[in-house]
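# An overview of the molecular structure
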Amino acid sequence: FPSHDTENVLIHIWEKLFGVESIKPTDDFYDLNGNSLIAIQMMSQIHELFQIDLPVSKLFEYSTIQDLAEVMYENFGRDEIQIKSQTAYKTITED
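Notes on the structure in this doc start here. (Residues numbered from 1 in each chain as written. Predicted model: local features only at pLDDT ≥ 70, side-chain atom pairs only at ≥ 80, totals over all residues. Heavy atoms only, no water.)

## So, the packing of helix α1 (residues 6-18) against helix α5 (residues 86-93)
Following both chains from N to C, one finds α1 and α5 inclined at 60°, their axes separated by 9 Å at the closest point. Classified by the angle between their axes, α1 and α5 sit oblique to one another. Judged by the twist between their axes, the crossing of α1 over α5 is left-handed. The residues of α5 that touch α1, namely those facing Val9, His12, Ile13 and Lys16, are Tyr89, Thr91, Ile92 and Thr93. (Axes fitted to C-alpha atoms, helices over the stretch in contact; angles between N-to-C directions. Helix = DSSP H or I, 4+ residues; strand = E, 2+ residues; numbered from the N terminus. Parallel < 35°, antiparallel > 145°, perpendicular 65-115°, else oblique. Left-handed = near helix turned anticlockwise from the far one by under 90°. Contact = heavy atoms within 4.5 Å.)

## So, the pattern of salt bridges
This structure, assessed with the given rule, holds two salt bridges. When the shortest N-O distance is used, the salt bridge between Lys24 and Asp27 registers 3.4 Å. For Asp27, a relative accessible area of 16% translates into the label buried. (Salt bridge = Lys/Arg side-chain N within 4 Å of Asp/Glu carboxyl O. Buried < 20%, exposed > 50% of the residue type's maximum accessible area, 1.4 Å probe, protein only.)

## Thoughts on helix α4 (residues 65-76)
Here α4 spans 16 Å end to end across 12 residues, near enough to the 16 Å set by a 1.5 Å rise per residue. Listed as buried for α4 are Ile65, Leu68, Ala69, Val71, Met72 and Tyr73. Check the buried side of α4 and you find it contacts α1, α2 (36-50) and α3 (56-61). Looking at the residues trailing α4, positive phi occurs at Gly77, about 90°. (Expected span 1.5 Å × (residues − 1).)

## Looking at the packing of aromatic side chains
A full pass over the atoms with the stated rule returns six aromatic pairs. Pairing Tyr30 with Phe60 gives two aromatic rings, centres 6.5 Å apart and planes at 25°, and the pair type is stacked. With a gap of 30 residues between them, Tyr30 in the loop between α1 and α2 and Phe60 in helix α3 connect regions that are remote in the sequence. The class for Phe60 is partly exposed, based on a relative accessible area of 36%. Between Arg78 and the ring centre of Tyr73, over which it is positioned, the NZ or CZ distance is 3.8 Å. (Phe/Tyr/Trp six-rings, centres within 6.5 Å; stacked < 30°, edge-to-face > 60°. Lys NZ or Arg CZ within 6 Å of the ring centre and 35° of its normal.)

## Comments concerning the nonpolar core
Ranked by internal contacts, the top residues of the largest apolar core, which has 29 residues, are Ile13, Trp14, Met42, Ile46, Leu49 and Phe50. Contributions of two or more residues to this core are made by α1, α2, α4 and α5. Counting residues per element, this core draws most heavily on α2, which supplies seven residues. (Core = buried A, V, L, I, M, F, W, Y, C linked by side-chain atoms within 4.5 Å.)

Spelled out as structure tokens, the structure:
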């Protein structure tokens, strides 16, 4: 799998789901008008990509990409946060 930075992968997910470009790691889910449907889709994509189960409540509590990546590292270990699905990765990174 290509090397990646977790924050950059999350940025791709957010840009796809919100339909915007230029999302920064410090952008807030709520400021982007995030809602529960987007949150569920986001956690589903995170699960598909990384094979980790992160409750939607974590997104509501840690609502920036930067904070969410940190929570992923804390809960699963930095070394364990690896892309497990090449197909899912291609889906979120293609234009």
